[in-house]
Amino acid sequence: MIKVLFFGPVAERAGAGEVETEFNAGMRLQDLRTKLQAEFPAAFEIVCFAAVNGVHALDMSLPLTDHSEVVFMSKFSGG
Amino acid sequence: MKEAVRIQQQDFSQDEEVAALRAGSKRMGGIATFTGCARDFSEGREVTKISFDAYESMAVKEMNKLREEAIARFELLDARIVHRIGLVGAGEQIVFVAAGAEHRAPALQACQWLIDELKQRVPIWKKEITPQGDAWVTAHP
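Overview of the structure.

Cut-offs used in this document
- Sequence positions are assigned chain by chain, starting from 1 and proceeding in written order.
- The order in which chains are written sets their letters, starting at A; the order in which ligands are written sets their numbers, starting at 1.
- Local features are withheld for residues below a pLDDT of 70 in this predicted model, meaning they are given only at 70 or higher, and side-chain atom pairs are given and counted only at 80 or more; totals for whole chains, interfaces and linings count all residues.
- Side-chain descriptors were evaluated using all non-hydrogen atoms of the structure, hydrogens and water having been removed beforehand.
- Where helices and strands are cited, they refer to DSSP runs of H or I of at least four residues and of E of at least two residues respectively, numbered from the N terminus.
- In this setup the radius of gyration rests on C-alpha atoms only. A globule is expected at 2.2 Å times the number of residues raised to 0.38.
- Residue exposure (1.4 Å probe, protein chains only): buried if accessible area is under 20% of the type maximum, exposed if over 50%, otherwise partly exposed.
- The accessible surface values rely on the Shrake-Rupley method and a 1.4 Å probe; as for residues, cover is taken only from the protein chains in view.
- Working convention for charge: Lys and Arg count positive, Asp and Glu count negative, and His plus the chain ends are omitted.
- Every charge is mapped onto a representative atom, which is NZ of Lys, CZ of Arg, CG of Asp or CD of Glu.
- Note on aromatic contacts: the rings of Phe and Tyr and the six-membered ring of Trp form a pair at centre separations within 6.5 Å, being stacked when their planes are under 30 degrees apart, edge-to-face when over 60 apart, and tilted otherwise.
- When DSSP finds two or more bridges between two strands, those strands count as paired.
- Axis lines are fitted through C-alpha atoms, for helices just across the contact stretch, and the angle between N-to-C directions can take any value from 0 to 180 degrees.
- Any two residues having at least one pair of non-hydrogen atoms within 4.5 Å are treated as being in contact.
- Nonpolar core, defined: a set of buried Ala, Val, Leu, Ile, Met, Phe, Trp, Tyr and Cys residues in which side-chain atoms within 4.5 Å join the residues together.

Along the backbone of chain B there are three helices and 10 strands. Listed by position from the N terminus, the elements making up chain B come as β-α-β-β-β-β-α-β-β-β-α-β-β. Whereas a compact globule of 141 residues would reach a radius of gyration of roughly 14 Å, chain B reaches 15 Å, a difference of no more than 12%. On the principal axes, the C-alpha backbone points of chain B span a range of 50 × 25 × 25 Å. Looking at the 141 residues of chain B, the share that counts as buried comes to 49%. Surface exposure of chain B reaches about 7300 Å², of which carbon and sulfur atoms provide 46%. The average position of the 19 basic charges and that of the 21 acidic charges among the side chains of chain B differ by 3 Å.

Following this line, the structure appears as structure tokens:
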């Protein structure tokens, strides 16, 4: 399984802070994004960044491993 | 002594943070600090509170990286970063950055760099709570 987390405005639009999705061999970050975008279109309208296991992921072709923690995030507004 | 980089719900003491910074070295000739506070007015609306959400584990990692980068880049003797999450009332403190160096110029430059980079790189989001309703804030310059 892949654990997907949403925070702030993305969580509000998704109506959830955490979802789990099945891991498939060869799965890449873009595959996960495409799948979740179909399920949560309003949330993904504002998604700008992703992180995998707590590290910024700039390459959407990044291969995922089972039990990864993935976060799709909107622009930050701390400070 | 409290950690140099923290995310916490409770308020912080600037005096305690500066004292902790100064305790590390007697060679510190310049200390620059920045304190971000919750404004009671934003984009034409009264703001009563601000609610902060964070991807806390990553936010702390990123803030620690920022501190280490600032120390190396500006040759600081030490630096501290504290950010609150949860509900913060109008007028209250949100974020504190302190940079200590042998001289004032690197301390001032590092302080500005740290708060600018924090806004770009640290996964924290704010929602303004107003009498007219709540609204997530898009990034300010």
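Time to look at the packing of aromatic side chains. Per the counting criterion, the structure on display carries nine aromatic pairs over all chains. Pairing A:Phe7 with B:Trp125 gives two aromatic rings, centres 5.9 Å apart and planes at 5°, and the pair type is stacked. In this pair, A:Phe7 sits in the loop between β1 (2-5) and α1 (8-14) while B:Trp125 sits in strand β9 (residues 124-130), so the two residues belong to two different chains. In terms of burial, A:Phe7 and B:Trp125 fall into one category: buried. Between B:Phe12 and B:Phe96, the ring centres sit 5.9 Å apart and the planes meet at 45°, which makes this aromatic pair tilted. One end of the pair, B:Phe12, is in the loop between β1 (5-8) and α1 (14-23); the other, B:Phe96, is in strand β8 (residues 93-101), with 84 residues separating them in the sequence. For B:Phe12, a relative accessible area of 7% gives the class buried. Of the residues examined, B:Phe96 reaches a relative accessible area of 0% and is grouped as buried. Through pairs of rings, three or more aromatic residues link up here, namely A:Phe7, A:Phe49, A:Phe76, B:Tyr55 and B:Trp125.

Residues and elements named next belong to chain B. Taken in spatial order, the four strands of this open sheet run β7-β5-β9-β10, and their pairing is antiparallel. Looking along the sheet, the strands with just one partner apiece sit at the ends: β7 (86-89) and β10 (133-136). Strand-to-strand twist in this sheet, taken as the mean axis angle between neighbours without regard to direction, amounts to 25°. Of the strand pairs in this sheet, strand β5 (residues 49-54) and β9 are connected by six bridges, and their pairing is antiparallel. Each residue of the ladder has a partner; that of Ile 50, found in β9, is Glu 128.

Turning our eyes to something else, we now look at the side chain of B:Ser42. Residues and elements named next belong to chain B. Within the secondary structure layout, Ser 42 lies in strand β3 (residues 41-42). Of the residues examined, Ser 42 reaches a relative accessible area of 4% and is grouped as buried. Aside from chain neighbours lying at most four places away, what touches Ser 42 is Val 47 and Glu 128.

Let's shift gears to unusual backbone geometry. Most peptide bonds take the trans configuration, and most residues that are not glycine carry a negative phi. Even without being a glycine, B:Glu43 presents a positive backbone phi close to 50°. Positionally, B:Glu43 belongs in the loop between β3 and β4 (45-46).

Let us look at the nonpolar core. Residue and element names in this part refer to chain B. Counting 32 residues, the largest nonpolar core has Leu 76 and Leu 114 as the members making the most contacts within it. Of all elements in the fold, only β1, β5, α2 (56-74), β6 (78-84), β8 and α3 (104-121) reach the threshold of two or more residues within this core. Per element, the largest residue contribution to this core is seven residues, and it comes from α3. Ignoring sequence-local partners within four residues, the contact set of Leu 76 consists of Ala 70, Ile 71, Ala 99, Gly 100, Ala 101, Pro 106, Ala 107 and Ala 110.

All names here are of chain B. Read from one edge of the open sheet, four strands run β1-β6-β8-β2, paired in mixed fashion. Of all the strands in the sheet, the pair left with one neighbour each is β1 and β2 (30-37). Strand-to-strand twist across the sheet, computed as the mean angle between neighbouring axes with direction ignored, equals 10°. Where β1 lies against β6, four bridges are found, and the strand directions are parallel. The partner of Val 5 across the bridge, within β6, is Ile 81. In this fold α2 packs onto β1 and β6, with an angle of close to 150° to the strand it touches most, β1.

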